Amino acid sequence: MSKTILELDSVTIRFGGLTAVDSVDMKIEEGTIRALIGPNGAGKSTIFNLITGIYPPTAGEIRFLGNKINGLKSHLITEMGIARTFQNIRLFGEMTVLDNVKIGTHCRTCSGFLGALVRSPKVKAEERTITETSMEALKLMELDHKADELAMNLPYGEQRRLEIARALASRPKLILLDEPAAGMNPQEKQTLMSMIRKIQAMGLTIFLVEHDMKFVMNLSDRIAVLDYGRKIAAGSPAEVQRDPAVIAAYLGK
Ligand code: ADP
Ligand code: MG
């Protein structure tokens, strides 16, 4: 039987007079690929911000593996096993590819500032683990051979994959990808799609926001559709594609 990894229960957030996310329910099964689609401003990125603890919901509850996570700090949510990428690339261009990924590892047993100064054997061992984990994440995104290059020198499609590598470095169970294919050419999209499938095959759950319909329809097990903060449809790619409410939302009514 499949297990629910993430559950949104009547989740709402208001920014002043604007209800950006309005009573959204969602249930994501472990090991699946879920997409969230909808017009610009529908509230998709805000849902990711709510799940990752950037904003607390105004109402409702978010549960990860049965545990309530709304109200927790972002870093605790990361430690529990949720990682994300952002709609706009957030890399340190002047740093190496490897160092960009190391930032994503969270150190469970970090010895703190003093430990880092003294560089005890324990700290050195931790550093080795961080490097190994980061290299594994780069390998999954087929960027390990570029570990020592500066991030800004990578082609655009690889920069987006580097962001996914950084998210993977925290060893998540659930990964949220905000428009991962945006700006990519068809070949880069194809590569990304096969890598997302590979991550899924490892047992991860993927929740993605994406505008490219071909990409979404090819990749997703289930799709939820958001419009003006409300979930207007949900189902398999075939069901969602022929839903009149979805067609209306995309054609501007
Ligand atoms: P999408 O990702 O679907 O394009 P967003 O989630 O970014 O949409 O935004 C949904 C709505 O919420 C938009 O109208 C946006 O302007 C608004 N919004 C998002 N974040 C904030 C914020 N921090 N303060 C005020 N309004 C916000
Ligand atoms: Mg967005």
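Scoring rules and cut-offs
Residues numbered from 1 in each chain as written. Chains lettered and ligands numbered in written order. Predicted model: local features only at pLDDT ≥ 70, side-chain atom pairs only at ≥ 80, totals over all residues. Near = placed C-beta within 6 Å. Helix = DSSP H or I, 4+ residues; strand = E, 2+ residues; numbered from the N terminus. Nonpolar A, V, L, I, M, F, W, Y, C, P; charged D, E, K, R; others polar. Pairing = 2+ DSSP bridges. Contact = placed C-beta atoms within 7 Å. Axes fitted to C-alpha atoms, helices over the stretch in contact; angles between N-to-C directions. Domains from an automatic or database assignment.

- Where an unreviewed UniProt entry is consulted, the chain appears under the name ABC transporter, with the organism given as Desulforamulus profundi.

Side note on the site of ligand 1
- Lining the immediate environment of ligand 1, one finds Phe-15, Leu-18, Ala-20, Gly-38, Asn-40, Gly-41, Ala-42, Gly-43, Lys-44, Ser-45 and Thr-46.
- Ranked by the residues each element gives to the shell around ligand 1, the list is headed by helix α1 (residues 44-51), at three residues.
- Of the residues assigned to the shell around ligand 1, the class counts are four nonpolar, six polar and one charged.

Considering the sheet that holds strand β2 (residues 18-29)
- Taking strand neighbours across the sheet as the criterion, the four strands line up as β2-β1-β4-β5 in an open arrangement whose pairing is antiparallel. Every interior strand has two partners, whereas the edge strands, β2 and β5 (67-68), have only one.
- Here strand β1 (residues 4-15) runs beside β2; their pairing, made up of eight bridges, is antiparallel. The residue bridging Phe-15 from the neighbouring strand is Leu-18, located in β2.
- Relative to β2, α1 is tilted by about 65°, and along the sheet it contacts β1, β2 and β4 (59-64).

What to know about the domain arrangement of the chain
- Looking at the chain, the domain boundaries give domain 1 (4-81 + 172-251) and domain 2 (94-156).
- For domain 1 versus domain 2, the distance between C-alpha centres works out to 28 Å.
- The interface is formed by seven residues belonging to domain 1 together with four residues belonging to domain 2.
- Contributing elements (two or more residues each) for the side of domain 1 that touches domain 2: α2 (74-80) and α7 (186-201).
- Residues of the side of domain 1 that touches domain 2, tallied by class, amount to two nonpolar, three polar and two charged.

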